[in-house]
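# Examination of the molecular architecture
Here is how the chains run, residue by residue.
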Amino acid sequence: MMNNHLKVKEVINQFDFSGELFTIEPFGSGHINDTYLVKFKIKHMGIVPVILQRMNTKIFINPEQLMENILNVTAFLRKKIIENGGDPERETLTVILAKDGKPYCKDSDGDYWRAYHFIVGATGYDEVRTEEDFYQSGLAFGKFQNLLSDYPASTLHETIADFHNTKARFEVFKTAVEEDKMHRAKDVQDEIQFILQREDIANILTEMQENGELPLRVTHNDTKLNNILIDDKTHEGICIIDLDTVMPGLVVNDFGDSIRFGASTALEDEKDLSKVECDMHLFEVYTKGFLEGCQGKLTLSEIKALPIGAKVMTFECGMRFLTDYLQGDTYFKIQYPTHNLVRCRTQLKLVSDMEKKWNQMNEIVAKYTN
Ligand code: ADP
Ligand code: GN1
Ligand code: MG
């Protein structure tokens, strides 16, 4: 940790923070980047908080293109937020440029860092506290979709190739099982077989996209609950963050990723699987909020495919956690050796629960098709 603090101190000199460094603390529970809340004491202004992130360049191999996406997307959103009478300082991310004018800087190890205004008075949650929060997050992710519906998609860089190509991820999974680098496959046969028996889930959305049933749109692609900040006072979902994966994608995936995380009755890494279920009331609450936020922009095929999005995203996420476990935990950050396996199990439990509740999920969505 000390070493990390030294790095943060090295990096902040590359930004124009004219104040006295007050505190540095690791922040949030993201699985990808290293995030710090850094506070400065600035004369007449008091304590000014800033988010500083070491970007994960093993995963985002072109950080310069990624930051170009974020500058462009946030500039586009800022304009729309102002037009709609909102507050762009709180409703989207604001990148702080480095002294040399670039939206990132490099440290002496060659790692890339970026800084954002810290959004005060709002919180990203790892679990749904109240159904109202979940409704508000659905509304906000729907609005986000809506705001970006006329964004020029062809100008976006693909920051991770095949990010939600579940079919391609299934192949990667099979290879990880065959290679079995860490000799872990023998102990996780139930999970492996569960996934292998469901190749149809891995293929379905790719097929629906290819045959024109589902259009590509500009989507967020990582819509879990802790990637939206909820206002501490009004409880509105005020700011969508973690814009690293904004790329052309399927809207049903954005819906589905929120469901797998937020409609679960337990944390993503709950060890007691008897606590893990997909809550149908929360599923409905989110569906309502999301569709209201999208304001009629979705096609009937997209709306009807929302339950498929939920099942596919949950399946994909479980498969990704298990792939990482088999490959030696090189992708997602872990806190203990079996963390990815534990995460995989909650996702697979949710998939089997969704299979049981499949008719109910479709009936709920059908209520919102007209
Ligand atoms: P990761 O890709 O690792 O998930 P995120 O960009 O989501 O990284 O950031 C991690 C966490 O840091 C978020 O879940 C959120 O709690 C917090 N965070 C990130 N950016 C901001 C910001 N501008 N203001 C307040 N909190 C933020
Ligand atoms: C990662 O970055 P974070 O923690 O918000 C991952 C998502 C997974 C999620 C699982 C770039 O999200 O795709 O669904 O973990 N992000 C990336 O919790 O791979
Ligand atoms: Mg995140």
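Structure report, in brief. Small disclaimer: the values here were computed from a predicted structure and weren't measured. (Residues numbered from 1 in each chain as written. Chains lettered and ligands numbered in written order. Predicted model: local features only at pLDDT ≥ 70, side-chain atom pairs only at ≥ 80, totals over all residues. Heavy atoms only, no water.)

In the region of ligand 2, 17 residues are neighbours, and His31, Lys224, Glu268, Arg320 and Tyr331 sit closest. A distance of 2.7 Å is found between an oxygen atom of ligand 2 and a backbone nitrogen or oxygen belonging to His31. At 3.3 Å from an oxygen atom of ligand 2 is found a side-chain nitrogen or oxygen belonging to Arg260. For ligand 2, the accessible surface in isolation is 440 Å², of which the surrounding protein chains cover 98%. Looking at the shell around ligand 2, the element that brings in the most residues is helix α11 (residues 306-327), giving three residues. Of the residues belonging to the shell around ligand 2, the class tally is seven nonpolar, four polar and six charged. (Near = heavy atom within 4 Å. Polar contact = N/O pair within 3.5 Å; in protein donor to acceptor, adjacent residues only side chain to side chain. Areas by Shrake-Rupley, 256 points an atom, 1.4 Å probe, with all protein chains shown as cover. Helix = DSSP H or I, 4+ residues; strand = E, 2+ residues; numbered from the N terminus. Nonpolar A, V, L, I, M, F, W, Y, C, P; charged D, E, K, R; others polar.)

As a benchmark, a tetrahedral metal site with four donors has ideal angles of 109.5 degrees, while an octahedral site with six donors has ideal angles of 90 or 180 degrees. Those donors, Asn227 (OD1) and Asp242 (OD), are the protein atoms that reach the magnesium ion (ligand 3), and they lie 2.2 Å from it. Highlighted residues: Asn227 in the loop between β8 (217-219) and β9 (228-231) and Asp242 in the loop between β10 (237-240) and β11 (247-249), separated in sequence by 15 residues. (Donors = N, O, S within 2.8 Å, 3.2 Å for Na, K, Ca; no water.)

With 21 residues, helix α2 (residues 63-83) ought to run about 30 Å at 1.5 Å a step, and its terminal C-alpha atoms sit 30 Å apart, in line with that. Inspection of α2 places Pro63, Leu66, Met67, Asn69, Ile70, Val73, Thr74, Phe76, Leu77, Lys80 and Ile81 among the buried residues, and these make up the whole buried set. Against α3 (88-91), β4 (95-96), β6 (112-117) and α4 (131-147) lie the buried residues of α2. One or two steps after α2, the chain reaches Gly85, where phi turns positive at roughly 80°. (Expected span 1.5 Å × (residues − 1). Buried < 20%, exposed > 50% of the residue type's maximum accessible area, 1.4 Å probe, protein only. Contact = heavy atoms within 4.5 Å.)

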